[in-house]
Amino acid sequence: MKLPASIDFVERGWLSANMVLLGGDLRGPLVVDTGYVTHAPQSLALVAQHLARAGHEAPRALLNTHLHSDHCGGNGALQARHGSPVWMPPGEFEAAKAWDESRLSFDDTGQQCARFVPHEQLLPGQQIEHGPCRWDVHAAPGHDPASVILFEPRQGILISADALWEKGFGIVFPELAPGPALGAAFTEVERTLDLIQALQPALVLPGHGAQFTETRTALMEARSRLAYFRAEPIRHALHAAKALVMYHLLEWRERSWEALGTWIESTPVQQRLRALAGAPDESMDAQAWTRTLVESLCKSGQLQVDAQTVRLKQQA
Ligand SMILES: [Zn+2]
């Protein structure tokens, strides 16, 4: 199936989550997710292009599927330019309103986000009438407890955020929260996959990577990945630690060993991951942990190093 002409799906690099622009409504487009803060100029340009083509002045609203830095980093700039309201899931609504960084994820993951003002909550069960479409809001906990996904039942289009990608799903962050990991969030990932299976989407617009129609294959792959993590949760912790280092390098392109080590040491989630995945090896101090992660990412061809620096591997 093809995407209707009124919908723009913008696949972006991994630092910024994909953006979906839902047109076809006289009130202006809905912009679903706005990228990472350092890509805000690109997010502004993408929205401006869509507005010019559709003959609109401003978006009707900015929607966030969840409040990770790669999904809401352009909110501040878009709000400043267009005065658009932000709709977001209820879980972190009050924290975002007060901009209480201790209750938002950015400090914990060592990432950045520009402040914005949320206006309305996207409540699971709610329906959003927009142009020819009706988008159902579904709760999709697992990757993030507050995340929602959006489904258009008549056309069978799912905006799946980080709950389902063509290959896998996002880090299961609640499993990395302070305190003992209990596996409860893995069960939520499974329930969310069950929900997506029941919706039977004909086309999925994921938070990262390409759009896809082979939902069955993607679900099978996600379930086998989940089983692999569940069998040995340390695998998930190690995967998360490496994914967060890669994300940091996507932001910086290149860092000295010292700066990377300092970042890892001062980032709370990385400290918990060292305790989870580096234990019980007592020699695993922050420096040794940094080297372990970087070596593994070099082996898989994602990073390259010399005596002073760690950088993204240049693609040939
Ligand atoms: Zn996310």
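Fair warning: this is a prediction, and the values are worked out from it, not measured in the lab.

> Got a minute to help me understand the coordination of the zinc ion in this structure?
Around a metal, the idealised angle for a tetrahedral arrangement of four donor atoms is 109.5 degrees; for an octahedral arrangement of six donor atoms it is 90 or 180 degrees. Only His66 (NE2), His68 (ND1), His143 (NE2) and Asp162 (OD) from the protein coordinate the zinc ion, and they sit 2.1 to 2.4 Å from it. Note that the zinc ion binds four donor atoms; their angles at the metal cover 89 to 176°, and the shape is irregular. Each donor residue of the zinc ion belongs to the same chain, and together they define the spacing H-x1-H-x74-H-x18-D. Linking histidine 143 in the loop between β8 (133-139) and β9 (148-152) with aspartate 162 in the loop between β10 (157-161) and α6 (184-199), this pair joins segments that are 19 residues apart in sequence.

> Sorry, what's going on with helix α8 (residues 233-252) here?
Because the α-helix completes a turn every 3.6 residues, residues three or four places apart line up on one side. Over its 20 residues, α8 extends 29 Å from the first C-alpha to the last, a length consistent with the 28 Å expected when each residue adds 1.5 Å. Turning to α8, its buried residues number three or more, namely His236, Ala237, Ala240, Ala241, Leu244, Val245, Met246, Tyr247, His248, Leu249 and Glu251.

> How do you make sense of unusual backbone geometry when you look at a structure like this?
Note: most peptide bonds trans; most residues except glycine with negative phi. Phi at aspartate 33 takes a positive value of approximately 70°, unusual for a residue other than glycine. Tracing the backbone shows aspartate 33 in the loop between β3 (30-32) and α1 (40-54). Taking the relative accessible area as the measure of exposure, aspartate 33 reaches 3% and is therefore buried. In this structure, glutamine 200 takes a positive phi of about 50° despite not being glycine. By the secondary structure assignment, glutamine 200 is in the loop between α6 and β11 (203-206). Residue classification places glutamine 200 among the exposed positions, given a relative accessible area of 65%.

> Even after reading the chapter, I still don't get the sheet that holds strand β12 (residues 254-256), so can you show me in this structure?
Two pairing modes exist for strands in a sheet, parallel and antiparallel, and in both the strands are linked by backbone hydrogen bonds. With respect to topology, three strands assemble into an open sheet ordered β12-β14-β13, the strand pairing being antiparallel. A strand with exactly one partner marks an edge of an open sheet, and here the two such strands are β12 and β13 (303-305). Averaged over all pairs of adjacent strands, the angle between their axes in this sheet comes to 20°, without regard to strand direction. Bridge count between β12 and strand β14 (residues 309-312): three bridges; the pairing is antiparallel. Paired with serine 256 across the bridge in β14 is threonine 309. Contacting β13 and β14, helix α11 (residues 286-299) runs over the sheet at an angle of about 115° to β13.

> What's the story with the environment of valine 172 in this structure? I'm lost.
Its place among the elements puts valine 172 in the loop between β10 and α6. Exposure remark for valine 172: the relative accessible area of 0% places this residue in the buried category. A C-alpha to C-alpha distance of 8.2 Å links valine 172 and alanine 240, two positions 68 residues apart in sequence.

> Would you mind going over the pairing of strand β1 (residues 7-10) with me for this structure?
Regular strands show a simple pattern: their side chains alternate between the two faces of the sheet. Neither face of β1 is left uncovered, since the one carrying Ile7 and Phe9 and the one carrying Asp8 and Val10 both have all their residues buried. Pairing of β1 with strand β2 (residues 19-22), which is carried by four bridges, proceeds in the antiparallel orientation. Directly across from aspartate 8, in β2, lies its bridge partner leucine 21.

> How should I be thinking about the nonpolar core in this particular structure?
Looking at soluble globular proteins, one finds that nonpolar side chains tend to be buried together. Residues Leu176, Val245, Leu260, Ile264, Leu273, Trp289 and Leu303 are the most contacted members of the largest nonpolar core, which totals 25 residues. When residues of this core are traced back to their parent elements, those giving at least two are α8, α9 (257-266), α10 (268-278), α11 and β14. Ranked by residues supplied to this core, first place goes to α8 with seven residues. In this view, isoleucine 264 contacts Val245, Gln270, Gln271, Trp289, Thr290 and Leu293; residues no more than four positions away in its chain are not counted.

> I tried to follow the side chain of arginine 255 on my own but got confused; where do I start?
Relative to the elements of secondary structure, arginine 255 occurs in strand β12. Lacking a salt bridge, the buried arginine 255 has glutamate 251 as its closest oppositely charged neighbour, with an N-O distance of 7.9 Å. A polar atom in the side chain of arginine 255 sits 3.3 Å from the side chain of histidine 248. Residue contacts for arginine 255: discarding those within four places in its chain leaves His248, Leu249, Leu260, Trp263, Gln308, Thr309 and Val310.

> What should I look at first to understand the sheet that holds β11 in this one?
If you trace the five strands from one edge of the open sheet to the other, you get β7-β8-β9-β10-β11, paired in mixed fashion. Two strands close off the open sheet at either side, each with one partner strand: β7 (127-130) and β11. Across this sheet, the average inter-strand angle for adjacent strands is 25°, counted without regard to direction. Both β10 and β11 contribute to a ladder of four bridges, which runs parallel. Bridging from a neighbouring strand, alanine 161 pairs with proline 206 of β11.

> Would you take a moment to explain the side chain of glutamine 79 for this structure?
Here glutamine 79 lies in helix α3 (residues 75-82). The buried category is assigned to glutamine 79, whose relative accessible area is 14%. Polar side-chain contacts of glutamine 79 include one of 2.8 Å to the backbone oxygen of valine 117. Leaving out residues up to four positions away in the same chain, glutamine 79 has contacts with Leu62, Ser84, Pro85, Val86, Phe116, Val117 and His119.

Thresholds, definitions, all that
- For every chain, the first residue of its written sequence is number 1, and the numbers climb from 1 along that sequence.
- Only residues with pLDDT of at least 70 are given local features in this predicted model, and only at 80 or more are side-chain atom pairs given and counted; all residues enter the totals for whole chains, interfaces and linings.
- Each side-chain value is worked out from all heavy atoms of the structure, with water and hydrogens disregarded.
- Metal sites are built from N, O and S donor atoms within 2.8 Å, or 3.2 Å for Na, K and Ca, and they leave out water, so they may look incomplete.
- Geometry assignment treats four donors as tetrahedral when all angles are between 85 and 135 degrees, treats four as square planar and six as octahedral when opposite donors are over 155 degrees apart and all others between 65 and 115, and treats everything else as irregular.
- To qualify as a helix, a DSSP run of H or I must reach at least 4 residues; to qualify as a strand, a run of E must reach at least 2; elements of each kind are numbered from the N terminus.
- How far a helix is expected to stretch is found by multiplying one less than its residue total by 1.5 Å.
- The buried label goes to any residue with under 20% of its type's maximum accessible area, the exposed label to any with over 50%, and the partly exposed label to all in between, with areas taken from a 1.4 Å probe on protein chains only.
- Here the rule is simple: two strands pair whenever DSSP picks up at least two bridges between them.
- Each axis is a line fitted through C-alpha atoms, and for a helix only the stretch in contact is used; angles between axes span 0 to 180 degrees, taken between their N-to-C directions.
- By the convention used here, residues are in contact when the closest approach between their heavy atoms is within 4.5 Å.
- Nonpolar core, defined: a set of buried Ala, Val, Leu, Ile, Met, Phe, Trp, Tyr and Cys residues in which side-chain atoms within 4.5 Å join the residues together.
- Counted as positive: Lys and Arg. Counted as negative: Asp and Glu. His and the chain ends are not counted at all.
- Salt bridges are defined as contacts in which a side-chain nitrogen from Lys or Arg sits within 4 Å of a carboxyl oxygen from Asp or Glu.
- For this analysis, a polar contact is any N or O atom pair within 3.5 Å, provided that within protein one partner can donate a hydrogen and the other can accept it, and provided that sequence-adjacent residues contribute only side-chain to side-chain pairs.

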